Amino acid sequence: MTLAGHVARFDASGQLLPWTSWAAALDREMNFYQQCPLTQGYPRFACETFLDAAWTPNTERTDIIPATQNGMGILSYLKFYGMHGEQQPAMLATARLMGDYLLKEALTPDAGKYPAFTRSTGKRGQFPQPADCGSQSDQPYEIEPDKGGIAGHALVLLFEATGDSKYLVQALRNARVLAANQQAGDATHSPWPFRVDYRSGEGRGPVSGNMTYILRLFDLLTEHGYTEFSKPRQSLWQWVKAYQVPSAAAEGSLFAQFFEDHDTPTNRTAWAPLNLARYLLEKRDSVDPDWLTDCSSLIEFVRANFTHRECGVNVCHEQDEDKQAWGGVNSTYGAVLAMYAKAAHLPALASEARQALNFTVYSIDEQGRPRDVSLSQQPGGWQEDAHTDVIHNYVDALSAFPHWGSAEAATQDFPEPGSDGSF
């Protein structure tokens, strides 16, 4: 059996092993991305969404997704930098270039209801993006508020890592625009619509499933002394706790809509509940006394609706409208499941998490070139699913179970898990 170009390896009990150790695979991928050529001073993967394994853009795809691609990319590079003891300055430099791209090239005009706000979508080869650059399922003048939360959160962390205030300034701008446009939310509406015309504020799509990164943005800015975000944060959390989390125990309608290339109002995703669960696993009692119960509800919702088996492994697909185990969402699933298994002392789920992450490691080839989904014939593709929304998930899983990255873990049979879920 082959998986993403590698011969699939299994232990004696049929558990999927990685083709090489996580540490080796991740190092190869990060080293490969350091070879990425620059376009207008930015790594090409920061300003192009569709690249082949030789860094050649797909000219048939003129669309890009700046906020998700670079916001999650900044998180990946900062976490990888931290995991290596802040001893690889090139990783921090790359994170800065992704932040610089967001600041200089991917903002709305400084006017209207969402002025100078980070773009959810745009067009390749435009520096800066023009006023009508909305692409994929965004209309020309539309943005997605939750993507401004992703970018803003990442930029605060970049400010903390570098001390450069320009990143904080843009994060504050995003947060203030979000707070100014926030609604109370109810059982059928999130506090922001999924899409808005940045000029008029007219919304499209009553539910935006990803509220987590706006919460994170408000949290961080409040911690930095910007108490103006305390009330918006409290109101947002009240909606999440009263409406969104309970939705996971029902039909999950409040986890609809996240991905930029879809616009069906009822299209639920796995990405949003998993990232909310990650937030709760990190914050725990400081935000939610019921964090473990709520995480269980969120994760079981995902397992019931968005998992299937490939190569004998439970893997996670993106959304109701896409059943493929893309690298971003499947690595998110593995990471969050690992964190939950460690917190709840559930060895069987830890094993499932490890195998899901092993599955996505197969998408990295011997040269460190990743592919966006294991079924792709060649490396490359969507850059956030191949790279930027993947690396940080392995760092989170390794924080829970450091041994999983070792050469020993890549060659030995899965041992019996301990009571704490470790191996």
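Further up the page is the structure itself.
Keep in mind that this is a model prediction, so the values were computed, not measured.

Engineer: Honestly, helix H7 (residues 212–223) in this entry has me stumped. Any pointers?
Structural biologist: Residues spaced three or four apart along an α-helix point in a common direction, a consequence of the helix completing one turn every 3.6 residues. Between its first and last C-alpha, H7 extends 17 Å over 12 residues, near the 16 Å set by a 1.5 Å rise per residue. Within H7, 10 of the 12 residues are buried, leaving the element largely enclosed by the surrounding structure. Where H7 is concerned, the buried positions are Thr-212, Tyr-213, Ile-214, Leu-215, Arg-216, Leu-217, Phe-218, Asp-219, Leu-220 and Leu-221. Along its buried surface, H7 packs onto helix H3 (66–83), helix H5 (145–162), helix H6 (165–180), helix H8 (230–248) and helix H9 (271–283).

Engineer: Help me understand the packing of H7 against H9, please; the structure alone is not making it clear to me.
Structural biologist: For any two helices packed against each other, one specifies the crossing angle of their axes together with the interaxial distance. At a closest axis distance of 9 Å, the pairing of H7 and H9 adopts a crossing angle of 30°. One way to sum up the angle between H7 and H9 is to call them roughly parallel. Residue-level contacts link Thr-212, Tyr-213, Leu-215, Arg-216, Asp-219 and Glu-223 of H7 to Trp-271, Ala-272, Asn-275, Leu-276, Arg-278, Tyr-279, Glu-282 and Lys-283 of H9. Among the residues forming the contact of H7 with H9, the class breakdown is six nonpolar, two polar and six charged.

Engineer: Would you take a moment to explain the environment of Ser-208 for this structure?
Structural biologist: Assignment of secondary structure puts Ser-208 in the loop between strand E12 (203–204) and H7. Between the C-alpha atoms of Ser-208 and Arg-195, which are 13 residues apart in sequence, the distance is 8.1 Å. For Ser-208, the contacting residues outside a window of four places in its chain are Asp-146, Ser-190, Trp-192, Pro-193, Phe-194, Ala-256 and Gln-257.

Engineer: Please clarify how the pairing of strand E14 (residues 313–316) should be interpreted in this entry.
Structural biologist: Successive residues of a regular strand alternate their side chains across the two faces of the sheet. In this structure, strand E13 (residues 307–310) lies alongside E14, joined through four bridges in antiparallel fashion. Its bridge partner lying in E14, His-308 is registered against Val-315. Hairpin connection of E13 to E14: two residues between the antiparallel strands, including Cys-311 at a positive phi of 55°.

What counts as what
- Residues numbered from 1 in each chain as written.
- Predicted model: local features only at pLDDT ≥ 70, side-chain atom pairs only at ≥ 80, totals over all residues.
- Heavy atoms only, no water.
- Helix = DSSP H or I, 4+ residues; strand = E, 2+ residues; numbered from the N terminus.
- Expected span 1.5 Å × (residues − 1).
- Buried < 20%, exposed > 50% of the residue type's maximum accessible area, 1.4 Å probe, protein only.
- Contact = heavy atoms within 4.5 Å.
- Axes fitted to C-alpha atoms, helices over the stretch in contact; angles between N-to-C directions.
- Parallel < 35°, antiparallel > 145°, perpendicular 65-115°, else oblique.
- Nonpolar A, V, L, I, M, F, W, Y, C, P; charged D, E, K, R; others polar.
- Pairing = 2+ DSSP bridges.

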